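The residues making up each chain are set out below.
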Amino acid sequence: MSRSIPRLILLTVLISWPAALAQTPSPITEAVKEIQNNSKVKAANEYIDRNRAGILREWIQITEINAPSGHEQERAKYLERLLRQSRLQNIHYDSAGNLIAVRKGTGGGRTVVFDAHLDTVFQPGLKIKATVKEGKIYAPGVGDDTRNIEALLATIRALNAAQIKTRGDLVFVFTVEEETSFGGVKRFVEDNKSKIDYYIALDGGYEGFTYAGIGINWYRHHFIGPGGHTRSRTPPYSASLPLARAISRIYDLKVPSNPSSNLNIGMLGGSEVVNAKASDAWFTVDLRSTSNEVIADLEKKITVILEEEAKRANMSLKTDVISTSPAAVIPGHRDSDLVKISEAVHRAMGFDPPITATGSNNSSVALLNGIPSISTGAGPCDDSHALTENCEIEPLYQGIKKILLLELALAQL
Ligand SMILES: [Zn+2]
C-alpha cells in the first residue's frame, strides 16, 4: 500500500507532463512573439502596408532591368542609388562585383548577412516588360530573384521609418553570378568568413525554408571503341551498345527517397551519321542527394557498371567531370538556434513551414564554409528561369514582414 501511492503520483506526473510541455512555448517562440508585438515593429509593418503601391512599382522597375549573370552592373547601379538614400554604411562593391551595404547595430549582437542575387538566366539584350494581370506580375526574373531584392529594400526602409535599432549588424549583399558559378557568394564568403554569424540567402521559397544544400554531381561518360562502317566486321560493335546496356543497368539501381536523392540521364550522343558505328558514345549523369554517403555509394556502383560494360564490349572508358558540389550539411544544424528561430518566425507569421535539406543556392556555399545558413524567400512565384515567370502580388507584403521579423529575431532588437 505504502508503495502504491508514489506510483500513482508518478503515473499522474507522466501523463500530465507531455501535455504541459506542449502548452509551454519555447523561449525562442516567446522571444520572437515579443519582437512581433513590439510597438516599433508594428509601426514598421504599418509602414510596409502604407507603401504597397511604391513597393510594387519599384519591384517592376528592378525586374525590367535585365541582369544576365556576368552583366549585373546596370541593375547594381540602380540599387546602389536607392541604398544611398537609405542611411546605410559602407556601401561598396567587392572584387567580384557584389553590392554590399551595412546597417550598423548598436553593438554586442550577431552579424547577420541577408543575400539576394542580382543575376538572371536570360540572354543579354532581352527587353523585359512586366504585365500585371489578375493579381500576378508576369515578367522573366520577377521572382528569381527580384522579389527578394525588393523585399530587402522594403525592410530597410521600414526599419528606418520605425527607427528600429538592432544589436547586431545587418549586412545586405546583392550577389552576382548565382545562376552560373556561385562566383559572387564564393568571393563574399571568402572575404568575410570570420565575421559572419548567420547567412540568410533569399532565393525562392515563401512558406518554408531550407537548412542544408543538396549535393549535385554532373558527369559525361564515354565508351570509346574502334567505330567503322555499318558493313564492317561485327564485333566490334558500335559504342552505343555498352552505352545502352549501362544506362539500363544504372536505372535499375535503387535511388533512395530518404535521404532525398535523384538520378537522371538526360543527354546522350554517338555517331554523327547513320552508316557508321559510334567510336565515341556518351551520356550524362545528374546525381543529387542530401547525403554525401548516398552520392559516393551510387557513384561507386555506376563506375562498376561502366567498367563491366566497357570490358564486355572490349572498349575503353573516359569520364568528364562537368561539375561537382557536395551536399552542404552542418551536423546538428537542424536543431540549431538559427533553424529554431527561423521556424519560430515562420510560425509567428502564420505559416506551417516545410523545412527541407534540399536547398540549391548561395546558402550552400556558406554552409560548406561552416557558416550557419538557411534559405527562404518573400513570395510565391511560378515558372522560374522561363519567359512565362510570374509571381502573386498580394503575398509579397506578408513575405516582406516575415523577412523583417527574421532580420530582427536574428540580429536582435
Ligand atoms: Zn535564384
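Residues numbered from 1 in each chain as written. Predicted model: local features only at pLDDT ≥ 70, side-chain atom pairs only at ≥ 80, totals over all residues. Heavy atoms only, no water.

A closer look at the overall build of the protein chain
What the protein chain contains, in helices and strands, is 12 helices and 19 strands. Dimensions of the protein chain along its principal axes, counting C-alpha atoms only, are 85 × 80 × 45 Å. Per-residue burial over the protein chain gives 49% buried out of 413 residues. Look at the contacts in the protein chain between residues 6 or more apart in sequence, and 82% of them connect residues 24 or more apart. With an accessible surface of roughly 19900 Å², the protein chain has 53% of that area assigned to carbon and sulfur atoms. (Helix = DSSP H or I, 4+ residues; strand = E, 2+ residues; numbered from the N terminus. Buried < 20%, exposed > 50% of the residue type's maximum accessible area, 1.4 Å probe, protein only. Contact = heavy atoms within 4.5 Å. Areas by Shrake-Rupley, 256 points an atom, 1.4 Å probe, with all protein chains shown as cover.)

Considering helix H3 (residues 39-50)
Over its 12 residues, H3 extends 16 Å from the first C-alpha to the last, a length consistent with the 16 Å expected when each residue adds 1.5 Å. Among the residues making up H3, those that are buried are Val41, Ala44, Asn45 and Ile48. One side of H3 holds all its buried residues, which, seen down the axis, span an arc of 95 degrees. Set apart from the buried face of H3 by more than 90 degrees, the exposed residues are Ser39 and Arg50. Next to the buried residues of H3 lie helix H2 (27-37), helix H4 (52-63), helix H6 (142-161) and helix H12 (394-411). (Expected span 1.5 Å × (residues − 1). Arc of directions from axis to C-beta.)

Details of the nonpolar core
Ranked by internal contacts, the top residues of the largest apolar core, which has 75 residues, are Leu79, Leu83, Phe114, Phe174, Ile200 and Leu410. With 11 residues, the top contributor of residues to this core is H12. If we skip the residues at most four places from it in the chain, Leu410 touches Arg110, Val112, Phe114, Tyr198, Ile200, Leu338 and Ile341. By size, the runner-up hydrophobic cluster in this structure holds 23 residues, among which are Phe283, Val285, Val294 and Leu306. (Core = buried A, V, L, I, M, F, W, Y, C linked by side-chain atoms within 4.5 Å.)

These results come straight from atomic positions and should not be treated as a statement about function.
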